[in-house]
Amino acid sequence: MPAAAKQLTRSPGDVDAQDQFEATLARLGRPVYRDESCAIFNGDSLELLEAVPRGAIDLCVTSPPYNIGKAYEAVMSAEAYVEWSRTWLEKVHSVVADDGAFWLNLGYMPVAGRAKAMPLPYLLWEAVPFYLIQEIVWNYGAGVAARHSFSPRNEKFLWYVKDPDNYTFNLDEVRDPDVKYPNQMKNGKLRCNPLGKNPSDVWALPKVTSGAGRSSKERTPHPAQFPLAVIQRIIRATSNRGQLLLDPFLGSGSLIEAAIADGRFAIGIEIRSDYATLSADRIKAFRRQIPLI
Ligand SMILES: C[S@@+](CC[C@H](N)C(=O)[O-])C[C@H]1O[C@@H](n2cnc3c(N)ncnc32)[C@H](O)[C@@H]1O
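Because the structure is a prediction, the values reported are computed rather than measured.

### What about the environment of R27?
Inference 1: Mapped onto the elements, R27 comes out in helix 2 (residues 15-28).
Inference 2: With 12 C-beta atoms packed within 10 Å, R27 lands in the exposed category.
Inference 3: Distance in space between the C-alpha atoms of R27 and Y181 is 53 Å, their sequence separation being 154 residues.
Inference 4: The residues touching R27, leaving out its near neighbours within four places in the chain, are A51, V52 and P53.

Okay, here's the thing in structure tokens:
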């Protein structure tokens, strides 16, 4: 059995999670795609989140539209964007479990008269009803070459929880094995954890790239795709096997692929039917590669 397939094996303790997953799906209507551990819905999250039972979600990871005129968004005023964000953020807060977590990926948007590129965490600070554990800087190599400022090479991943005294952090699942002196001893003991070092709050992980000869293997036609490596680290560190994950702005389905590869249940909501179908096709292809066992 390949290692990746083994990860999909469920344990008896997952029965409750399966029930929770089924109960949530029963309230969400007809999915574009579903299988034993994931489902994709085509619709507006602001409506569909109302149907998700309160506290049903153990981990929500998402990247909303940044209000910068991408193909999937109509640009709003900064005030309207903050209000729209507040609305969906409150809905997400109500569906996340008391010991659950919420990861919010944010970039930058121009704000007339104030900023060429406002960091969205500043703009949305008051609108997020969760408790902030940490801001992660995601640093990537590829991007536009700026001429009148430094070339932008980062976005943020904000790690929020509901209860700062009760949340999951599985550091050993995500240690970085790239240690300079792994065998260095102090008082007869290894100085470093043999599993590796804490990966820190700056994650240098490549973006999903496109273009002839430089396109990432995981690339889909979606214009703003999460890299699986980033999501995998978040999922492993801040959720447990058999838990229920959600992405209310699913895009190309990255959250679902990473979640089911690591034995979690996952639900995604996407407003555009072409992207919902793209996600469904991506997950079907992934299942063909690594079927459920
Ligand atoms: C930044 S992209 C997410 C990309 C995703 N993280 C991935 O890995 O592909 C945001 C997505 O949210 C979708 N979207 C925008 N408004 C939405 C809404 N109200 N409900 C659900 N999806 C929405 C857009 O169509 C777009 O695909």
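### What to know about the pairing of strand 13 (residues 265-270)
Inference 1: Within strand 13, 6 of the 6 residues are buried, leaving the element largely enclosed by the surrounding structure.
Inference 2: Along strand 13, one buried face is formed by F265, I267 and I269 and the opposite face, lined by A266, G268 and E270, is buried too.
Inference 3: Bridge count between strand 2 (residues 38-42) and strand 13: 5 bridges; the pairing is parallel. Residue C38 lies in a different strand from strand 13, and its bridge partner there is A266.
Inference 4: For strand 12 (residues 244-247) and strand 13, the ladder comprises 4 bridges, and the chain directions are parallel. Looking at strand 13, one finds that L245 is bridged to A266.
Inference 5: Between strand 12 and its parallel partner strand 13, the chain crosses via helix 7 (residues 254-261), and the hand of that crossover is right-handed.

### Notes on the sheet that holds strand 7 (residues 131-139)
Inference 1: Strand order in the open sheet formed by 9 strands is 1-2-13-12-3-4-8-7-11, and the pairing between neighbours is mixed. Edge positions in the sheet fall to strand 1 (33-34) and strand 11 (202-204), since each has one partner strand and no second.
Inference 2: Helix 6 (residues 228-238) rests against strand 3 (57-62), strand 4 (96-106), strand 7, strand 8 (154-161), strand 11 and strand 12 of the sheet, and its axis sits at about 160 degrees to strand 3.
Inference 3: Sheet strands touched by helix 8 (residues 273-289): strand 1, strand 2 and strand 13. Its angle to strand 2, the strand with the most contacts, is close to 165 degrees.

### Section: the site of the ligand
Inference 1: Taken together, 20 residues surround the ligand, and among them Y72, F226, F249, G251 and S252 come closest.
Inference 2: Elements with a contribution of two residues or more to the shell around the ligand: helix 3 (45-48) and strand 13.
Inference 3: When the residues that make up the shell around the ligand are grouped by side-chain class, the tally is 10 nonpolar, 7 polar and 3 charged.

### Considerations on the environment of S149
Inference 1: Along the polypeptide, S149 turns up in the loop between strand 7 and strand 8.
Inference 2: Along the backbone, S149 and K116 are 33 residues apart, and their C-alpha atoms lie at a distance of 9.9 Å.

### Focus on the environment of L250
Inference 1: Relative to the helices and strands, L250 is located in the loop between strand 12 and helix 7.
Inference 2: The class for L250 is buried, based on 28 C-beta atoms found within 10 Å.
Inference 3: L250 has contacts with I40, L255, G268, I269, E270 and S279, leaving out every residue within four places of it along the chain.

### Some remarks on the pairing of strand 6 (residues 115-119)
Inference 1: Bridge analysis of strand 5 (residues 108-111) against strand 6 gives 3 bridges, and the strand direction is antiparallel. For V111, the partnering residue across the bridge sits in strand 6 and is A115.

Analysis parameters
Residues numbered from 1 in each chain as written. Predicted model: local features only at pLDDT ≥ 70, side-chain atom pairs only at ≥ 80, totals over all residues. Helix = DSSP H or I, 4+ residues; strand = E, 2+ residues; numbered from the N terminus. Buried ≥ 20, exposed ≤ 12 C-beta atoms within 10 Å, placed from the backbone. Contact = placed C-beta atoms within 7 Å. Pairing = 2+ DSSP bridges. Right-handed = clockwise from strand over helix to strand, strands pointing away. Axes fitted to C-alpha atoms, helices over the stretch in contact; angles between N-to-C directions. Near = placed C-beta within 6 Å. Nonpolar A, V, L, I, M, F, W, Y, C, P; charged D, E, K, R; others polar.

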